[in-house]
Structures are given as structure tokens and as C-alpha cells.
Amino acid sequence: MTDATDPHPGQDAAGLIEWAVSQPGPALVTTSFSPFSGVLLHMVTQRRPDMPVLWMDTGYNTPETYRYAEALALRLALNLQIVHPRRSRAHREAVEGPVPEPGDPRHEAFSREVKIEPFERALAEMAPKVWITGIRAEETAERARMQPVSRSADGLIKVAPLLGWTARQLHEYLKRHDLPNNFDYFDPTKVDEHRECGLHLAH
């Protein structure tokens, strides 16, 4: 990814969202319904209630995550667009067994199947010009090196309004707006919360 050349308001989350939704062409926001997901979704839908919210449901989420997704979608009236892998979890596990560990050479193919390919398929179908994401610098070393606004080789503008936010700031935002949180989240493509799943490295 390279820096976007358009002027934008730096690190200010609200300003970045305002700038993102003002860009020409369609936009979307992605979510995993992981802890603190309500912050970005609340901020975005306050400014554009009908913003498409893309969720790559891997089929491996915890029951609490599914309940959280339902509650937040209802609370914020989300325009939720759910994309699934081409094979169901039951199908994949019947043929290939349980989730391979990160050190297993099959893990990269697993991550591509359940998260990256569905995301790329959704991008092809929805053709956004702007992608708003909730990634934060303190999550992984790779994200700490990312910029709040960047542009891919094919012109997709990626905006990360919360890149510089801490967990404390997110917690305080949720409390201030009386928003629910998810405390039982697991991403099988990462396993370790400080490991990349590959989505933000490929895009």
C-alpha cells in the first residue's frame, strides 16, 4: 500500500471518517465483531446510517460473537453484508479436519479460504472506492507501521480512523455511548491476537 495523495485530516478519527464518506464512489466498513467493534461501527453509522458493513463470517466464531453481532446489528440498524467461505465449516472439517495450527503449512491456505477469498470476492462484487477498517497500531507490529490513510495499487483507499487509539480509549467510548462489547472472541486465522491473519498485508 502507498500513501493516498488526497488531503485528509491526519489522526482525528471523526475527521477521517467524515473525509472517507465524502469521497466519490461507494464505500464500505469491515468488521469482525471482535472486542471494541462497536466503536467504529457507531462512529460510521452516525455519519452514514446506510453504510454497507461487510462481515467475513468464517464459520468459526464463538457463540458469544454471533450473539454480539445480532445485538449490535439491531442496536445500530446496521446495513450488514455477510460473506461466507465457499465451503461450510462442517464441509471443510469433514474433508480436511480441524483448523491447522499457525506453524502448519496448511494454515495459510485455511486463512485464504475462510477470510481472504471471501473478502476479495466481496470487493469484486461491491467495487468500493473506500474501505474503512478498525485496525489499530497496538494490535500487531505490522499495523504499527501502517498509515491512517493509504491507497492500494488498484486505487482502493483504505482508511483506519482508530489506528492510534488505545484499548482504554475504546473502552471509554463504549461506556460513554452505552454500547455493548464482546469478551469472547476468537479468530482461527490468527489464533494469537498479536498475529496477522494476512488480510491487511494482502490489502
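Structure: see above.
Residues numbered from 1 in each chain as written. Predicted model: local features only at pLDDT ≥ 70, side-chain atom pairs only at ≥ 80, totals over all residues. Heavy atoms only, no water.

### Digging into the packing of helix 2 (residues 37-47) against helix 3 (residues 63-76)
Contact geometry of helix 2 with helix 3 gives a least axis separation of 11 Å together with a crossing angle of 20°. On the basis of their axis angle, the class for helix 2 and helix 3 is roughly parallel. Here helix 2 and helix 3 pass one another in a crossing that is right-handed. Here Ser37, Gly38, Leu41, His42 and Thr45 of helix 2 come into contact with helix 3, specifically with Tyr68, Leu72 and Leu76. Within the contact of helix 2 with helix 3, the residues separate by chemical class into 4 nonpolar, 4 polar and no charged. (Axes fitted to C-alpha atoms, helices over the stretch in contact; angles between N-to-C directions. Helix = DSSP H or I, 4+ residues; strand = E, 2+ residues; numbered from the N terminus. Parallel < 35°, antiparallel > 145°, perpendicular 65-115°, else oblique. Left-handed = near helix turned anticlockwise from the far one by under 90°. Contact = heavy atoms within 4.5 Å. Nonpolar A, V, L, I, M, F, W, Y, C, P; charged D, E, K, R; others polar.)

### Details of the packing of helix 2 against helix 7 (residues 167-176)
Packing of helix 2 against helix 7 brings their axes to within 9 Å, and their N-to-C directions diverge by 60°. The angle between the axes of helix 2 and helix 7 places the two elements in the oblique class. Considering how the two elements wind past one another, helix 2 and helix 7 form a crossing that is left-handed. Mapping the contact onto sequence places Gly38, Val39, His42 and Met43 in helix 2 and Leu170, Tyr173 and Leu174 in helix 7.

### Quick notes on helix 3
Taking 1.5 Å per residue, 14 residues should reach 20 Å; helix 3 reaches 20 Å between its end C-alpha atoms and fits that length. Three or more residues of helix 3 are buried, namely Thr65, Tyr68, Ala69, Leu72, Ala73 and Leu76. Across the axial projection of helix 3, the buried residues extend over an arc of 125°, all falling on one side. Exposed and facing more than 90 degrees away from the buried side of helix 3 are Pro63, Arg67, Glu70 and Leu74. Along its buried surface, helix 3 packs onto helix 2, strand 3 (52-56) and strand 4 (79-83). Within two residues after helix 3, Ala77 carries a phi angle of roughly 50°, on the positive side. (Expected span 1.5 Å × (residues − 1). Buried < 20%, exposed > 50% of the residue type's maximum accessible area, 1.4 Å probe, protein only. Arc of directions from axis to C-beta.)

### Re the pairing of strand 3
In terms of residue burial, strand 3 counts as a mostly covered element, since 4 of its 5 residues are buried. Sheet analysis places strand 2 (residues 27-31) next to strand 3, joined by 3 bridges and oriented parallel. Bridge pairing links Val29 to Val53 in strand 3. Where strand 3 lies against strand 4, 5 bridges are found, and the strand directions are parallel. Bridge assignment links Leu54 to a residue of strand 4, and that residue is Gln81. Traced from strand 3 through helix 3 to strand 4, the parallel crossover comes out right-handed. (Pairing = 2+ DSSP bridges. Right-handed = clockwise from strand over helix to strand, strands pointing away.)

### Thoughts on helix 5 (residues 107-126)
Between the first and last C-alpha of helix 5 there are 28 Å, a value that for 20 residues agrees with the 28 Å anticipated at 1.5 Å per step. Of all the bends in helix 5, the greatest, near 45°, is centred on Glu113. Ala127, located one to two residues past helix 5, shows a positive phi value of around 50°. (Bend = angle between axes of the 7 residues up to and from the residue.)

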